[in-house]
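Coordinate inspection notes
The residues making up each chain are set out below.
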Amino acid sequence: MAEELILENDAKISTHLTKSLLAVAILSSFGSSMLYGFNLAVVNSPAQYIKDFYNETMIENYDWSLDEEFLTVLYSLTVSIFAIGGMTGALLVGRLVTKYGRKGTLVRASLLVFIGGALMGFSRACRMPAMVIVGRFITGVHSGISLSVVPMYLGEIAPKNLRGFLGLVPSIHICLGVFIAQVLGLHELLGKEEHWPLLLSLVVFPTMIQLMLLPWFPESPRYLLIEKGNVHATIAALKWYRTKGNIQAEVEEMQEEQRSLSSVQTISVCGLLKDRCVRWQVITIVVVNVGMQLSGIDAIWFYTNDIFDNAGIPEPHIQYTTVGTGAIEVISGMLGCFTIERLGRRPLMIGGFLFMGLCCAGITVSVILQAQLSFMRYISVGCVVGIIAGFCIGPAGVPFLITAELFKQSHRPAAYTVAGVLNWLSNFTIGFVFPFLEMTMGPYCYLIFCAICLGVAIYTIFVIPETRNKTFVEISQMFATKNNILEEELTSNGHLKLSLMNGYGTVGHHD
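Report on the accompanying structure. (Residues numbered from 1 in each chain as written. Predicted model: local features only at pLDDT ≥ 70, side-chain atom pairs only at ≥ 80, totals over all residues. Heavy atoms only, no water.)

Attention now goes to the pattern of salt bridges. Opposite charge on two side chains permits pairing when their charged atoms draw close. Counting across every chain of the model gives 8 salt bridges. Note that R102 and E156 form a salt bridge whose closest N and O atoms lie 2.9 Å from each other. Of the two residues, R102 sits in helix α5 (residues 102–121) while E156 sits in helix α7 (residues 129–157), which places them 54 residues apart along the sequence. Across the pair R102 and E227 runs a salt bridge, and its minimum N-O distance is 3.2 Å. With a gap of 125 residues between them, R102 in helix α5 and E227 in helix α12 (residues 221–227) connect regions that are remote in the sequence. For E227, a relative accessible area of 24% gives the class partly exposed. (Salt bridge = Lys/Arg side-chain N within 4 Å of Asp/Glu carboxyl O. Helix = DSSP H or I, 4+ residues; strand = E, 2+ residues; numbered from the N terminus. Buried < 20%, exposed > 50% of the residue type's maximum accessible area, 1.4 Å probe, protein only.)

Moving on: helix α20 (residues 376–393). Helix length check: α20 (18 residues) gives 25 Å between terminal C-alpha atoms against 26 Å at 1.5 Å per residue, within 8%. When α20 is considered as a whole, its buried residues turn out to be M376, S380, V381, C383, V384, G386, I387, I388, A389, G390, F391 and C392. (Expected span 1.5 Å × (residues − 1).)

On to the packing of aromatic side chains, then. For the structure on display, the rule yields 8 aromatic pairs. Centroid distance Y36 to W424: 5.3 Å. Interplanar angle 80°. Geometry classified as edge-to-face. Residue Y36 is located in helix α2 (residues 19–41), and its partner W424 is located in helix α22 (residues 412–441); the two are separated by 388 residues in the primary sequence. Like W424, Y36 is buried. Summarising the aromatic geometry, the rings of F82 and W424 are spaced 5.5 Å apart at their centres and angled 70° between planes, so their arrangement reads as edge-to-face. With F82 in helix α4 (residues 68–100) and W424 in helix α22, the pair connects residues that are 342 residues apart, well separated along the chain. For F82, a relative accessible area of 2% translates into the label buried. Counting every residue linked through ring pairs, the aromatic cluster contains Y36, F82 and W424. (Phe/Tyr/Trp six-rings, centres within 6.5 Å; stacked < 30°, edge-to-face > 60°.)

Shown next as structure tokens:
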């Protein structure tokens with residue numbers, strides 16, 4: 001009987017995609033997530049121009065001509081400072097979303113983009129290289145915040161049957177940002193020496209659109225009800241995002257979660273790591289977020305031009321081939337977005353990581369044999385494309401989505417802080433370590449990425465449950481047995497009871 005009641009209530013919560021839901025998903029991703037992808041790729045095209053600018057200003061100001069090694073260090077700092085800013089932003093997420101809300105945090109954080117964009121845009125006119133580096137750091141802080149807050153916001157406003165689709169909209173925009181940066185960086189567009197400050201500062205335009213429109217959309221209904229206790233604002237927000245027939249059932253589901261958390265406030269990162277009630281959820285977000293960055297995708301972007309060059313592609317055409325890989329990213333991201341509610345999270349994660357592992361091994365074999373077998377050069381190019389496609393179909397976006405799904409309201413901000421910091425730290429580590437790894441191990445270094453991809457796929461198969469079309473309470477109950485903290489209780493009067501431990505429990509019956 002209890003199961004029937006749950007299924008009946010769940011059916012009411014399911015709803016169709018409304019224009020307002022789609023609009024807020026696109027708008028929040030366009031002005032935040034897309035900038036992350038743009039900033040990752042935008043410095044590749046003008047790399048030599050930025051180095052020349054650093055050298056010119058040092059000669060002008062200090063009569064000191066920098067050698068190539070020191071210029072490379074300065075440029076590496078310019079690239080990697082973005083990840084350091086991202087880690088800084090990720091550490092702020094928990095406190096910001098608790099104080100200002102999800103939408104409120106996105107609106108306030110957008111001001112950072114204008115500061116960072118202005119610094120980078122006027123750096124050449126002011127003849128100050130430090131403005132580029134500081135600007136990259138500030139935009140990194142914004143990306144560190146938005147990379148966690150956007151999927152959190154969309155995960156909370158989405159009905160359970162659309163949570164996967166809306167949760168992957170940010171990952172499509174990340175891929176789109178990379179693609180736009182590659183296209184605009186072409187020599188025929190903004191890839192000339194005089195245009196690189198403009199190219200770096202273009203981030204302000206999407207943010208301007210977001211800042212004008214996003215404040216008109218409601219805050220997360222879950223935040224309004226569970227954390228603020230504002231029922232009227234919650235109903236108003238749900239009316240904005242839902243059809244009328246689904247509102248009451250969803251409010252009741254939120255109130256059930258609120259009752260289960262009545263004695264639990266939003267916890268800190270330390271509290272999250274010490275809480276044995278969410279032990280396996282924490283392990284899961286550590287594995288998938290670290291695995292996402294250590295899967296070799298960042299190393300692939302580092303090595304792409306060399307692989308294309310070895311495959312015999314003429315140097316002037318390599319930039320267009322790279323743009324082609326960016327287009328494959330966008331297409332693969334859209335494929336994952338439109339299939340996740342049919343296939344589920346697990347198939348996209350397992351299939352994506354297994355395919356990436358296979359392609360990583362393929363790169364090792366093809367690079368070793370290409371001296372003897374000329375056609376192996378084209379196999380290596382196919383493996384690069386395969387890794388990019390496999391990553392964007394699932395591993396690029398699902399880790400951010402399930403970070404929202406595996407935790408209830410009290411634990412979610414701290415979980416996103418942990419996931420974000422690990423994500424950025426792994427990104428920073430692979431950017432620094434890979435050149436030395438490739439230098440010492442050669443093509444065999446991709447076998448390490450192969451092992452990591454296979455490890456994450458195996459972990460997903462045996463540990464991570466399917467969360468498609470499940471409420472946050474139901475997902476928490478699925479982990480209760482793994483965490484070994486609760487037992488079902490049976491009672492005679494047949495009333496539904498939630499056995500509690502910090503809100504993470506199982507459904508049973510009263511005696």
